[in-house]
Every structure is written in C-alpha cells, then in structure tokens.
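Observations on the three-dimensional arrangement
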Amino acid sequence: MSSDDVWQPLLRALDRWNRAGRRAEFWLRDDDAIEPTEPLDRLLDLTARFEVPVMLAVIPAFTGEPLAHRLAEAPYASIAVHGWSHQNHAPAGEKKQELGAHRPREVVLGELSRGLSLLADLHQKRALPILVPPWNRIDDGLIAELPRLGFTALSVYGPAKPASIKMINTDVDLMDWHGTRGCRAHADLVRDVVAQLDESFDGANRTVGLLCHHLVHDEQAWAFLERLFEITSRRGSRWRSAAGLMDPGKAIGA
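Notes on the structure follow. (Residues numbered from 1 in each chain as written. Predicted model: local features only at pLDDT ≥ 70, side-chain atom pairs only at ≥ 80, totals over all residues. Heavy atoms only, no water.)

What follows concerns the overall build of the protein. For the protein, the count of helices and strands is 9 helices and 9 strands. Whereas a compact globule of 254 residues would reach a radius of gyration of roughly 18 Å, the protein reaches 18 Å, a difference of no more than 12%. Taking the principal axes of the C-alpha coordinates as reference, the protein spans close to 50 × 40 × 35 Å. Going through the 254 residues of the protein one by one, you find that 50% of them count as buried. In the protein, the share of contacts with a sequence separation of at least 24, taken over all contacts with a separation of at least 6, comes to 67%. Of the roughly 11800 Å² of accessible surface on the protein, a fraction of 49% belongs to carbon and sulfur atoms. Looking at charge distribution, the protein has the averaged site of its 30 positive side-chain charges lying 5 Å from that of its 35 negative ones. (Helix = DSSP H or I, 4+ residues; strand = E, 2+ residues; numbered from the N terminus. Rg over C-alpha atoms; globule rule 2.2 N^0.38 Å. Buried < 20%, exposed > 50% of the residue type's maximum accessible area, 1.4 Å probe, protein only. Contact = heavy atoms within 4.5 Å. Areas by Shrake-Rupley, 256 points an atom, 1.4 Å probe, with all protein chains shown as cover. Lys, Arg positive; Asp, Glu negative; His and termini not counted. Charge placed at Lys NZ, Arg CZ, Asp CG, Glu CD.)

To continue, consider the nonpolar core. In terms of nonpolar packing, the biggest core is built from 66 residues, with L10, L56, L197 and L210 touching the most fellow members. Counting residues in hydrophobic clusters, the runner-up holds 12 residues, among them W27, I130, A153 and I168. (Core = buried A, V, L, I, M, F, W, Y, C linked by side-chain atoms within 4.5 Å.)

Most of strand β8 (residues 208-212) is tucked away: 5 of the 5 residues are buried. Burial along β8 is two-sided: the residues V208, L210 and C212 and G209 and L211 are all buried. Two strands pair when backbone bridges link them, and strand β7 (residues 172-173) and β8 are joined in this way by 2 bridges, in the parallel orientation. Across the sheet, the residue bridging to D173 is L211, located in β8. (Pairing = 2+ DSSP bridges.)

A separate point is unusual backbone geometry. If you check the backbone angles, E51 has positive phi at about 55° while not being a glycine. Along the chain, E51 falls in the loop between α2 (38-49) and β2 (54-58). With a phi close to 60°, N136 is a non-glycine residue in the positive phi region. Note that N136 resides in the loop between β4 (127-131) and α5 (140-143).

Set out below in structure tokens:
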C-alpha cells in the first residue's frame, strides 16, 4: 500500500465533515516533558508551523527554569501536571501507577498540590490546572479530591468515564508500547483516527485527542504528525487548545 493510499480513509472522512458543513476537531497532548531537548524543539517547531496547540504534560519534580524559558518562545504550547515524579509505587506484578492506593492519600495529594503550585509559578498563565496521571492511571478515590487542590480537569487515555471533574481524554496513541516501542503503523493510526471521527460525526460531537511522547519518537512518528497536520490544515479541520476545551472563551490559538 502506498503512502497516499494509507491516508485516503482520513481524506474521505474529512470530506464527509466538509460536505455536511461541519469542522472536524482535534487536540494534541504530549507527555513527559522536563527540559529543553532537540526532540522538544522539533515538536514545538512542527506544531508552530501548522499553528497546532499542544499541551505538554510536564513532570514537576524534575523540571525548572530552563523549560520555562524555552516555552516562553512557544505561543502554541500549554502545560499540564504530569503527576509528581512519574515514579511507580505499585508492587511487582501490578500495572505501573504513581497515583494509586499504594500510599497514604494525603501524601499523594500533597505531591499533586506541590506539582500544580510549582508549574504555576514557573509557567504562569501557560500552566493549566489539568492533571495528567503517569501511565494514564489514577485511583478513583483520588479524583473527587482534585478540585480542592485547584485542578479543574483530568486527562487520561481512552473513553471518558463519568467523573466529578471535567475529563479531557486522548483517543489515539502514536506509540506501539507493547511491540516495537516505535511509531505504530500509519495505516493503523489512520484507521483509529477515522473511527473516532465517525463516532463523533454520528452523535458523540467531541474533539479527537492525539497522544504523543516526543522523547521517544522515531522518524515514522514525526512523519505521521507532519502528514496529519498537513491534511487537516488543507481540509479546514480545527485543532483545539486544552484551554479551549476547558473553557471555549479562553482558547489558545484555534
């Protein structure tokens, strides 16, 4: 299958939206930022070229002024709290989890409060009160406590479940974590994006969330993002900011 053939299902799906007089919507989350790196520069340059807002999930325990200085020059980037140290506290044999029930609740909440305060001090208005749990996992008992810490939204991976806080989830992950640990096949990614678009078109009426991890991208991951941005730009799709998803009146960029 040629590269152009791989993308035909997405082109047809977006044309369907256009014929109906509607705009398909996307948003982008990138995890594990800590400091300026060449991959981060590449992500910021790519998203800026296509005017695509990106929410960076930053690990508070290991970040500082260098990242804040770099992002001051990145008008399309915003910041979310990626746990505290991205440290696994689950015992052997369980799925990795930092925000689980393995430690006293107040200890976990204290770290999250500290992380939110630290990132707000470093990044000011660019820092959003959104929690991105490491490994996309959080104990249900912690979720109800998040608003009192100052969080107004939670972002994990997969279909949103009913919660006491606004959910801004991602739907399509670029990386093949259980196989090559590189980019998933472009045809598979396109299939998943189209499935989300079709679901939204038929009644879900929501924004499709893409999840990436700049530090581990191979060339296929970068190529997928660039081609996706090109196609959606030409087809008049809208890339939403995380701030805009939280409050349409406070959108950054589109």
